[in-house]
Structure formats: structure tokens, C-alpha cells
Amino acid sequence: MNFIRETITAFRMTLVLWLLTAIIYPLGILVIGQAFFPFEANGSVMVNLDTQPIGSALIGQTFTSEGYFHGRPSSVRYSQGKQASPTGISGGSNFAPSNPALLERILERATELQEENIQPLADLIYASGSGLDPHISLRAARQQLSRVALARDVKEDEIIRLISRYTDNRFLGVFGEPGVNVLRLNYALDLQDINSQ
């Protein structure tokens, strides 16, 4: 009799915990997210003037044109052709510091930057832990300023204003370093080109 009572109690507790953790909590978070943070809850997807998605402000992307600021290198090749992983897949290279492949990749990237007269700063040669960091440091943005201004035929002062606008400050004013969101900055440069025509 005692065993049956304990089994029923355990079953009830399992049911209550399942309802709380699998249904009530996720639905509550979904409602709060959609009500108060819809942009963030739906992936922070940015759209262009034609309302077509151009990317997520939370996921780094590869920009190769001279007229764009380049973000951090990624160990994950997302959304770039047939051999690419779908956007959202993250992951580091998992190379140990002693791995020759890591050293080779870093030296190759540093050489490319030096050929462009850009100081090879850490965030321009190392991938982030997730492989998807959408930010670069203010120093990395300033290193690329001349190249972008020359390619777009605009004054550096105009681009500096955009860099300041799309710089995210420290989290809670204390944690981390300020970072420039590369997708937002590059799209703002495109909009500026459209408006000046």
C-alpha cells in the first residue's frame, strides 16, 4: 500500500515538473519575448529597403569587398555556397595552440592584413569561440577606415560618425569592451551611398 502511494506521488511530481518545465515556462518565455523583445526574440534579423532579410545582427558574416568593413574570421563557413553550414551553426576550430594548422591559418590571415596595410589585431586574425561573433573592436574598425573610405570615395569623418553610431558599449557598463557591429555598419554605409545618389 505504501509502495502504491509513493508511486502515485512520484507520478504526480513528475507530471507537475513536466508541466512547469516543458510547457508553462517555455510558453511564458515565448510570450514575454514576443511581447517585449520581438526583434531580439525573432533572431534580430535585419531587412533591407525591399524588406528582404540581409542577415542577423547577432551573427557575424563574411564581407570580402574593399568597400566593406571585414569582421572576425570564422572557423565555420556558414551561408557561403554548397559546402557551407546553414546560418546559425556555430563552433570553434578546436585547434590546440600547438597545432600547426592553427598557426598556419593565423600567419596567412596576418599576412593578408599586412598587405592591406592593416595592423593584424587579435580580433582580425583569431576566430571567436563560437565562430559567429558579429563585432570587431574600435581599433579594428579604425584600421580598416582608410581602405573603406577610399573604396567608397567618401571622407573618413563621415564613416567615423557611423562607426560611433553602431558601436555597442560595454554590457551593463562594466563587462567586456565596446564593439562595432559589422553588419549594421556595412548596411548603414550602403544606405548612405543610396541616399547620396
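What you see is a predicted model; the values in this text were computed from it and never measured. (Residues numbered from 1 in each chain as written. Predicted model: local features only at pLDDT ≥ 70, side-chain atom pairs only at ≥ 80, totals over all residues. Heavy atoms only, no water.)

Trainee: I'm lost on the overall build of the protein chain in this one. Help?
Mentor: A count of helices and strands for the protein chain gives seven helices and five strands. Listed N to C, the secondary structure of the protein chain is α-α-β-β-α-α-β-α-α-β-β-α in terms of helices and strands. The buried share of the protein chain, reckoned over its 197 residues, is 27%. Taking all contacts inside the protein chain whose residues are at least 6 apart in sequence as the whole, residues at least 24 apart take part in 55%. (Helix = DSSP H or I, 4+ residues; strand = E, 2+ residues; numbered from the N terminus. Buried < 20%, exposed > 50% of the residue type's maximum accessible area, 1.4 Å probe, protein only. Contact = heavy atoms within 4.5 Å.)

Trainee: How should I be thinking about the UniProt feature "transmembrane region" (unreviewed entry) in the protein chain in this particular structure?
Mentor: The feature "transmembrane region" (unreviewed entry), as annotated in UniProt, sits at residues 15–37 in this numbering. Spanning residues 15–37, this segment combines 96% helix with 0% strand, and its end C-alpha atoms are found 31 Å apart. (UniProt positions renumbered as here; feature names shortened; annotations may be inferred.)

Trainee: Which parts of the structure should I look at to understand the nonpolar core?
Mentor: Generally speaking, nonpolar side chains in soluble globular proteins are found buried as a group. Counting residues in each nonpolar core, the largest one holds 28 residues, and the members touching the most others are Phe69, Ile136, Ile159 and Ile163. Counting residues per element, this core draws most heavily on helix 7 (residues 182–196), at six residues. With sequence-adjacent residues up to four places away left out, Ile163 is seen in contact with Phe69, Leu138, Ala141, Leu145, Val180 and Leu185. (Core = buried A, V, L, I, M, F, W, Y, C linked by side-chain atoms within 4.5 Å.)

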